[in-house]
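Letter by letter, the chains look like this.
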Protein chains: 2
Amino acid sequence: MNYSERIKKIQKKLRRKKIDAILITQPHNRRYLSGYSASDHDIGESSGALLIPARRKPILLTDFRFQILAQQETKGMEILLYPRGILPLLKKLLPDLDITSLAFESHYTLHSVAKTLKRMCRKLSISLHPTSDIVEKMRQVKDKKEIEIIRRSVLLNEKVFKKIHKTIYPGHTEIDIALALETTMRRRGAEGPSFETIVATGARSALPHAVAGSVKIIKNKALMIDMGLILDGYCSDMTRTFVVGSASKKYLKIHRLVRKAQLAAIKKIRAGVSAASVDKTARDIIVNGGYGKHFGHALGHGVGLAVHESPRLAMRNRKILKAGMVVTVEPGIYLPDWGGVRLENMVVVRENDCEVLNRDTTWLDI
Amino acid sequence: MNYSERIKKIQKKLRRKKIDAILITQPHNRRYLSGYSASDHDIGESSGALLIPARRKPILLTDFRFQILAQQETKGMEILLYPRGILPLLKKLLPDLDITSLAFESHYTLHSVAKTLKRMCRKLSISLHPTSDIVEKMRQVKDKKEIEIIRRSVLLNEKVFKKIHKTIYPGHTEIDIALALETTMRRRGAEGPSFETIVATGARSALPHAVAGSVKIIKNKALMIDMGLILDGYCSDMTRTFVVGSASKKYLKIHRLVRKAQLAAIKKIRAGVSAASVDKTARDIIVNGGYGKHFGHALGHGVGLAVHESPRLAMRNRKILKAGMVVTVEPGIYLPDWGGVRLENMVVVRENDCEVLNRDTTWLDI
């Protein structure tokens, strides 16, 4: 599905709900519908908004800093520049386009901005409709082209991992490794890491959110690397845990239990099963192994333009998986003061099974 | 001023306005008031909120991933973990603390979240008060300790620039240089760059927002580097434009005009003058030099925990500068298809003048 088909789908929805236009402010949604790749420095410093009228071509509103990029990246849409922010431009534009009802993204509009927007629309006799997740829902199921890009993103991420993995020795610091990974990503064409690279040695690997520090890699202890990159807009996300030196019996036991849980979940994934049931499949194995209370997070999450998106593979998520969804499968066991093991791969849901996108097998089946 | 004094100032404000508590969600504000340094992966993926009651000690609400960090970094505040998000925890906590009126940060709360918060507070008979920029206003004027950290941030940024500047040659790509800068920053103790490093060669330097690409440095043409880092939470921001090879007469003329505008603005800055008048001082020089319409942005902006904060040195900003404010002074001239020159230093406003924080003089007075 290309950009214009996506726009048409939104326009059809608008006409069905009898709304004249929608304002898209969420950066991934903006990119999904237009190809315009700029990110927002911050939600308060937007690099543009996409106004999609129900019955005419979309308009990308941005400022002079992004004009050339917007022209290069978009097709079939008008580009309008605002010298003083989006709202003053909309004030003129909405009446010009005869828009009398406007939807906006409630989940990516600040309360303060919505307040001003409301006041403005009241004066212009425009009805305002908060929406949430309209585009996010479309983004959940990936088309062939998207899956192909995600596959390349995963494979590049693995290449980078393997290259740096070979060079790791105990004198290295976590931050040395993280910088080597991130620099290699970008040299090989990634837009950047999809999140701050996690490199955690020894007991630090028990903190599920440790960022790399100036700590030296400890011999014979767990080393966890959780990394991802953005390639042509699409994210990858992978975790490997291994030992530099020789692994203890306890390490091996926990690692094998996590891997067993991961493989069982992967076997379970197919169109038609619920997200919760996949989480349960992995969780049951860890609970039965005696480590249930040390697996404190959800099994996985969707990945696409955003590194965390729907569907979450979580205990309470009754959502049914569909073919074309891309999710991580990442069980983990974390023991305070000892360390943690998490193993994460990405899969594409298919009608009767799933495809594991990862090829790397470093320290998986040990 | 330390954290507890800042908290007391907020509490005094609350009592004056007869509001029982305020919920701080903006990450820089959260850090300013507590020392807790986690950033939000995204506004939709918060790493915590600070609840400041008017008459008792503050409470940091976060989740298990950040528990240890929060304990290490904060003092004199309670830490409460939410297993299922901030709102369910508040629902229990607010009545327990007898809070009947609650302020929140309208400029860092999503419309969708505010809606749920409103509904919840209505049920609990709690009145809800949107606020904006209360903490941002406190953050504008820096104390001595903050200025000292910013000074170190600026000096480290310059060291990194000078180190890499020596190594630049025409075969280099923009991205090579950007990566070398960012890696060096982090190896030398920076938390990371304060924004995506800009390296733009030749005509690309005319795009005020060019990010580094895989383009080779062009000999005898403008090369613009705009870079900053975060050190102990505080940002630096500096731009240098120079020529690898020999500069044309036109380049020299434009560069000297930009520098003249910068020096005049710096001379103008002191407590008591308006932001607009400083912008005008620089702008007049560029206008009189015949390049007025090629200086399309504001002269500068405040810098602190955020790389862009108040006050903006902009044409229409009538705000009066105060001693202790830290701002950039960054005039620029951009000629499409030729290139641009921007020169940026940071200064601290003092009672009778300003202190230029930068020591680096690379390609300034040529």
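Because the structure is a prediction, the values reported are computed rather than measured.

Procedures and definitions
- Residues numbered from 1 in each chain as written.
- Chains lettered and ligands numbered in written order.
- Predicted model: local features only at pLDDT ≥ 70, side-chain atom pairs only at ≥ 80, totals over all residues.
- Helix = DSSP H or I, 4+ residues; strand = E, 2+ residues; numbered from the N terminus.
- Buried ≥ 20, exposed ≤ 12 C-beta atoms within 10 Å, placed from the backbone.
- Contact = placed C-beta atoms within 7 Å.
- pLDDT = per-residue confidence, 0-100.
- Least-squares fit on C-alpha atoms with pLDDT ≥ 70 in both.
- Pairing = 2+ DSSP bridges.
- Axes fitted to C-alpha atoms, helices over the stretch in contact; angles between N-to-C directions.
- Nonpolar A, V, L, I, M, F, W, Y, C, P; charged D, E, K, R; others polar.
- Domains from an automatic or database assignment.
- Arc of directions from axis to C-beta.
- Parallel < 35°, antiparallel > 145°, perpendicular 65-115°, else oblique.
- Left-handed = near helix turned anticlockwise from the far one by under 90°.

Another aspect to go through is the overall build of chain A. When its secondary structure is counted, chain A shows ten helices and 19 strands. Expressed along its principal axes, the backbone C-alpha trace of chain A runs to roughly 70 × 40 × 35 Å. Here chain A holds 366 residues, and 46% of them are scored as buried. If you take every contact in chain A between residues at least 6 apart in sequence, the share linking residues at least 24 apart comes to 66%.

This next bit is on the confidence of the model for chain A. This prediction gives chain A a mean pLDDT of 95; 99% of its residues lie at or above 70. In the predicted complex, the global pTM is 0.91; the interface-specific ipTM is 0.89.

The operation relating chain B to chain A is a screw motion whose rotation component is 180°, with 0.0 Å of axial translation and a residual RMSD of 0.0 Å. Such a turn and shift between the copies fits a two-fold axis.

Quick look at the sheet that holds strand β8 (residues 198–201) of chain B now. All names here are of chain B. Taking strand neighbours across the sheet as the criterion, the three strands line up as β8-β9-β12 in an open arrangement whose pairing is antiparallel. The outermost strands of the open sheet, each flanked by one partner alone, are β8 and β12 (238–243). Neighbour to neighbour, the strand axes of the sheet diverge by 10° on average, direction disregarded. Both β8 and strand β9 (residues 222–227) contribute to a ladder of four bridges, which runs antiparallel. Within β9, the residue paired with Ile198 across the bridge is Asp226. Strands β9 and β12 of the sheet are contacted by helix α7 (residues 144–165), whose axis makes an angle of about 20° with β12. Helix-sheet contacts for helix α8 (residues 174–187) involve β8 and β9, and the interaxial angle to β8 is about 155°.

Turning our eyes to something else, we now look at the sheet that holds strand β2 (residues 49–53) of chain B. Residue and element names in this part refer to chain B. Across the sheet, six strands lie side by side as β4-β3-β2-β1-β5-β6; this open sheet has mixed pairing. Among the strands making up the open sheet, the edge pair consists of β4 (78–81) and β6 (127–131). Each adjacent strand pair in this sheet contributes to an overall mean axis angle of 25°, direction not counted. In the sheet, strand β3 (residues 59–62) pairs with β4 via four bridges, with the strands oriented parallel. What sits directly across from Ile59, in β4, is Glu78.

Residue and element names in this part refer to chain A. One ladder, built from two bridges, connects strand β13 (residues 300–302) with strand β14 (residues 309–313); its direction is antiparallel. Within β14, the residue paired with Gly300 across the bridge is Leu313. Linkage of β13 to β14, two consecutive antiparallel strands, is achieved through a turn of six residues.

The interface is formed by 29 residues belonging to chain B together with 30 residues belonging to chain A. It is α8(B) that provides the largest number of residues to the side of chain B that touches chain A, a total of five residues. Among the residues forming the side of chain B that touches chain A, the class breakdown is 13 nonpolar, twelve polar and four charged.

All names here are of chain A. Here the domain parsing of chain A yields domain 1 (3–138) and domain 2 (141–356). Here the C-alpha centroids of domain 1 and domain 2 sit 35 Å apart. Each side of the interface is counted separately: domain 1 has five residues, and domain 2 has five residues. Looking at the side of domain 1 that touches domain 2 element by element, the count peaks at three residues for helix α2 (residues 27–34). Taken together, the residues of the side of domain 1 that touches domain 2 sort by class into one nonpolar, two polar and two charged.

All names here are of chain A. Every buried residue of helix α4 (residues 86–96) is listed here: Ile86, Leu89, Leu90 and Leu94. Viewed end-on, α4 has its buried residues packed into an arc of 120°, placing them on one side of the element. Exposed residues on α4 whose side chains face more than 90 degrees from its buried face are Pro88, Lys92 and Asp96. Just past α4, the residue Asp98 takes up positive phi, approximately 60°.

Okay, the packing of helix α9 (residues 249–268) of chain B against helix α10 (residues 275–288) of chain B next. Residues and elements named next belong to chain B. At their nearest, the axes of α9 and α10 sit 8 Å apart, and the two run at 155° to each other. Taken together, the axes of α9 and α10 are roughly antiparallel relative to one another. Crossing of α9 against α10: the hand is right-handed. Of α10, the residues touching α9 (which contributes Leu257, Lys260, Ala261, Gln262, Ala264, Ala265 and Lys268) are Ser277, Val278, Thr281, Ala282, Ile285 and Ile286.

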